[in-house]
Amino acid sequence: MKAFSFSLALAALALCSCGEKSGSPNPGTPQPQGSTGKKLTVGFSQIGAESAWRSAETDSIRSEAEKRGVDLKFSDAQQKQENQIKALRTFVANGVDAIILAPVVETGWEPVLREIKQANIPVVLVDRGVKVSDESLYSTLIASDFVEEGRRAGEWLAKKLEGKGNIVELEGTIGAAPAIDRKKGFHEVIDKNPGMKILRSQSGDFTRAKGKEVMEAFLKAEGKNINAVYAHNDDMALGAIQAIDEAGMKPGTDIVVISIDGVKAAFEAMVAGKLNCTVECNPLLGPAAFDAIEAIRAGKAVEKKTIAKDEVFDQSTAKDVIGSRKY
Ligand code: GZL
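The model shown is predicted, which means the values in this text are computed figures rather than measured ones. (Residues numbered from 1 in each chain as written. Predicted model: local features only at pLDDT ≥ 70, side-chain atom pairs only at ≥ 80, totals over all residues. Heavy atoms only, no water.)

Visitor: Can you explain the overall build of the protein chain? Please cite residues and give values.
Guide: When you go through the protein chain residue by residue, the secondary structure sums to eleven helices and 13 strands. By the burial criterion, 56% of the 327 residues in the protein chain qualify as buried. Within the protein chain, residue pairs in contact and separated by at least 24 positions form 76% of the contacts whose partners lie at least 6 positions apart. Looking at the protein chain as shown, the accessible area adds up to about 14,100 Å², and 52% of this sits on carbon and sulfur atoms. (Helix = DSSP H or I, 4+ residues; strand = E, 2+ residues; numbered from the N terminus. Buried < 20%, exposed > 50% of the residue type's maximum accessible area, 1.4 Å probe, protein only. Contact = heavy atoms within 4.5 Å. Areas by Shrake-Rupley, 256 points an atom, 1.4 Å probe, with all protein chains shown as cover.)

Now the structure itself:
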């Protein structure tokens, strides 16, 4: 497993993109060739556009494809696994040279991944993993360590609440790797603090609207008994902040709010004092994904898993950092 410093990749990306129109292939550099000598064609099965993080990931992969002169076949699955499986089969039928897959949930991929392997097309997983009996069904996974993100959120909150308080949890999409693992890491830490209790946990499907709706229900049921809300992503946290505001309470003060992703809107909410902390989960996976595809096609060995290094940001640092955020 290789730890990947996205800030380095970011700096590299920022460096090599200055002085050229962003996204245009560098004139004079050899363009990647497909299997028949034509332009490299890559199928990208994206989950959807459910969050600001997801849109930033899509932008990173689209702009990197354009920059490298790759013909990207993009499919938005509207967060439905059956749409992703359909798109993957279309990529195979169209004979793409490689596939990038962001799998909405962990299970149910084995049959279609076998068909792709049969067609000898490499698969690069980005941002979420899959549970398969045969790891050769994909070439590599480029993602963050979601369990560690959950632990960091738990550690930050335990410190903030001095080991005492009632928490409600907004979980991500049911069955998704980040939802399963961010819950696991967070509970691991909270369970070590006898004074901290998770009152309720429910999925908000990683969306702002659902996060608001579930938080409204939590407030109705538990009201002033809630000391903190832990959201598996910033979009659900921003929805929860709206619900807390509308309930006449002060988000960030009456109820501590902590989430994961580190998108721009989260930094704005921290500067406004409504969000207390966000654990970064870098979505700028385009460069690493295409580096992996190029290495695989050149017959080079690639790490089975490349982990992005994430940072924790809170209100003490938000003001100084917000201007340099890339997403
Ligand atoms: C994490 C990614 C998650 C983000 C959410 O890698 O899969 O999905 O945390 C997004 O914002 O919807």
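Visitor: Outline helix α6 (residues 177-190), listing residues and values.
Guide: The end-to-end C-alpha distance of α6, which contains 14 residues, comes to 20 Å, matching closely the 20 Å that a straight helix rising 1.5 Å per residue would cover. For α6, a buried count of ten out of 14 residues is recorded, marking the element as mostly surrounded by other parts of the structure. Where α6 is buried, its residues contact α5 (146-160), β7 (165-171), β8 (196-203), β9 (228-231) and β10 (256-261). (Expected span 1.5 Å × (residues − 1).)

Visitor: Describe empty space enclosed by the protein, with residues and values.
Guide: Per the counting criterion, the structure on display carries two cavities of 30 Å³ or more. Of the volumes computed, that of the largest cavity is approximately 100 Å³. As for the largest cavity, its lining consists of 13 residues, and the residues nearest its centre are Trp 53, Arg 54, Arg 128, Arg 182 and Asp 261. Looking at the lining of the largest cavity, the elements that each hand over two or more residues are α2 (52-67) and α6. When its residues are assigned to classes, the lining of the largest cavity shows five nonpolar, two polar and six charged. Within this model, the second largest cavity holds a volume of roughly 40 Å³. Forming the boundary of the second largest cavity are Trp 53, Asp 127, Ala 143, Ser 144, Phe 146, Cys 281, Asn 282, Leu 285 and Ala 308. Here the residues of the lining of the second largest cavity are counted per class, giving six nonpolar, two polar and one charged. (1 Å grid on protein atoms, 1.4 Å probe; cavity = no way out; pocket = protein on both sides within 12 Å on 5 of 7 lines; lining within 4 Å. Points joined across faces, edges and corners; volume = space filled by probe spheres on them. Nonpolar A, V, L, I, M, F, W, Y, C, P; charged D, E, K, R; others polar.)

Visitor: Give me the site of the ligand: which residues, what numbers.
Guide: Surveying the vicinity of the ligand reveals 13 residues, the closest of which are Glu 50, Asp 127, Arg 128, Arg 182 and Asp 261. Compared with its free state, where it exposes 320 Å², the ligand has 99% of that area covered by protein. More than half of the atoms of the ligand fall within 2 Å of the grid points belonging to the largest cavity. Contributing elements (two or more residues each) for the shell around the ligand: α2 and α6. Tallied by class, residues from the shell around the ligand come to five nonpolar, two polar and six charged. (Near = heavy atom within 4 Å. Sits in = over half its atoms within 2 Å of the grid points.)

Visitor: Talk me through the packing of helix α3 (residues 81-93) against helix α4 (residues 110-118); I want residue IDs and the actual numbers.
Guide: The interhelical angle for the contact between α3 and α4, taken along N-to-C directions, is 10°, at an axis separation of 10 Å. Between α3 and α4, the angle falls in the class roughly parallel. Contacts from Ile 85, Leu 88, Arg 89 and Val 92 of α3 reach α4 at Val 112, Glu 115 and Ile 116. Per-class residue counts for the contact of α3 with α4 are five nonpolar, no polar and two charged. (Axes fitted to C-alpha atoms, helices over the stretch in contact; angles between N-to-C directions. Parallel < 35°, antiparallel > 145°, perpendicular 65-115°, else oblique.)

Visitor: Could you give an account of the sheet that holds β9, with specific residues and numbers?
Guide: Read from one edge of the open sheet, six strands run β8-β7-β9-β10-β11-β13, paired in mixed fashion. Every other strand in the sheet has two partners, leaving β8 and β13 (312-314) as the edge strands with one partner each. Sheet twist, expressed as the mean angle between neighbouring strand axes with direction ignored, is 20°. By the bridge criterion, four bridges tie β7 to β9 in an arrangement that is parallel. The partner of Val 168 across the bridge, within β9, is Val 229. Taken strand by strand, α6 contacts β7, β8, β9 and β10, and its axis lies near 165° from that of β8. (Pairing = 2+ DSSP bridges.)

Function cannot be read off these values alone, since they describe shape.
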